[in-house]
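# Structural overview
Below are the chains, spelled out letter by letter.
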Amino acid sequence: MANTEIPVKIKVKTTIDQQETMELTVFGRYFQKGGAAFLKYEEVLEEGTVRTIVKVTPEEALILRGGAVKMRLPFRLHKILRGSYEMPFGTFETLTMAKRIEHTEGLIDILYDFTMQGSPTGTYHLEITFQEDQK
């Protein structure tokens, strides 16, 4: 039973420097495997469909996006980690420094400083709330 995928309704809220906020509501799946929690969902953008996987353990998190946008953002508390962001016109190197990684029932909360191509782009607060989708 450990790998049962639960259909969930997911709300993704990103706040940049406590000013600009973006929100997205999608349906996806939640499951646990090997001490990590996973959320999987798809977004349909103008450029096409983007598949996102969020993996969280107590000390680390990883956001993988594939499809129209390709991105790999790893997070570890108080450590600077390299990632990548691939767009049609090029691949950018990213750096993340996680200040907080929390995973509780129905919530994944990541606070991090984000740098792209060597330029700091701000402090991002990613709040992903999810609940079982009762159809």
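None of these values were measured; they are calculated from a predicted model. Within any chain, residue numbers begin from 1 and follow the written order of that chain's sequence. With pLDDT at 70 or above as the cut-off, local features in this predicted model cover only qualifying residues; side-chain atom pairs require 80 or more to be listed or tallied, and sums for whole chains, interfaces and linings still use all residues. Processing note: side-chain calculations cover all non-hydrogen atoms of the structure and skip hydrogens and water entirely.

## Quick look at the pattern of salt bridges
By convention in these notes, a salt bridge is any Lys or Arg side-chain nitrogen within 4 Å of a carboxyl oxygen on Asp or Glu. Inspection of every chain in the model, using the stated rule, returns eight salt bridges. The partner of arginine 29 in a salt bridge is glutamate 5, with the nearest N and O atoms 3.8 Å apart. Residue arginine 29 is located in strand 2 (residues 20–33), and its partner glutamate 5 is located in the segment before strand 1 (6–16); the two are separated by 24 residues in the primary sequence. Exposure remark for glutamate 5: the relative accessible area of 31% places this residue in the partly exposed category. Through salt bridges with shared partners, a single network forms among Glu5, Arg29 and Lys40. Labels follow the DSSP assignment, with helices taken as runs of H or I lasting at least four residues and strands as runs of E lasting at least two, numbered in each case from the N terminus. Relative accessibility decides the category of a residue: with a 1.4 Å probe and only protein chains considered, values under 20% of the type maximum give buried, values over 50% give exposed, and everything between is partly exposed.

## Structural notes on the pairing of strand 7 (residues 80–87)
Looking along a regular strand, one sees the side chains alternate between the two faces of the sheet. Paired strands, in this sense, are two strands between which DSSP finds at least two bridges. As judged from the three bridges shared by strand 6 (residues 70–76) and strand 7, these two strands associate in the antiparallel manner. Considered in strand 7, the bridge of arginine 72 is made with serine 84. Between strand 6 and the antiparallel strand that follows it, strand 7, lie three residues; histidine 78 among them carries a positive phi value of about 60 degrees. Across eight bridges, strand 7 lies against strand 8 (residues 90–104) in antiparallel orientation. Residue pairing for strand 8: glycine 83 is matched across the bridge by threonine 94. Hairpin remark: strand 7 followed by strand 8, antiparallel, with two residues in the connecting loop.

Nothing here speaks to function; it is geometry throughout.
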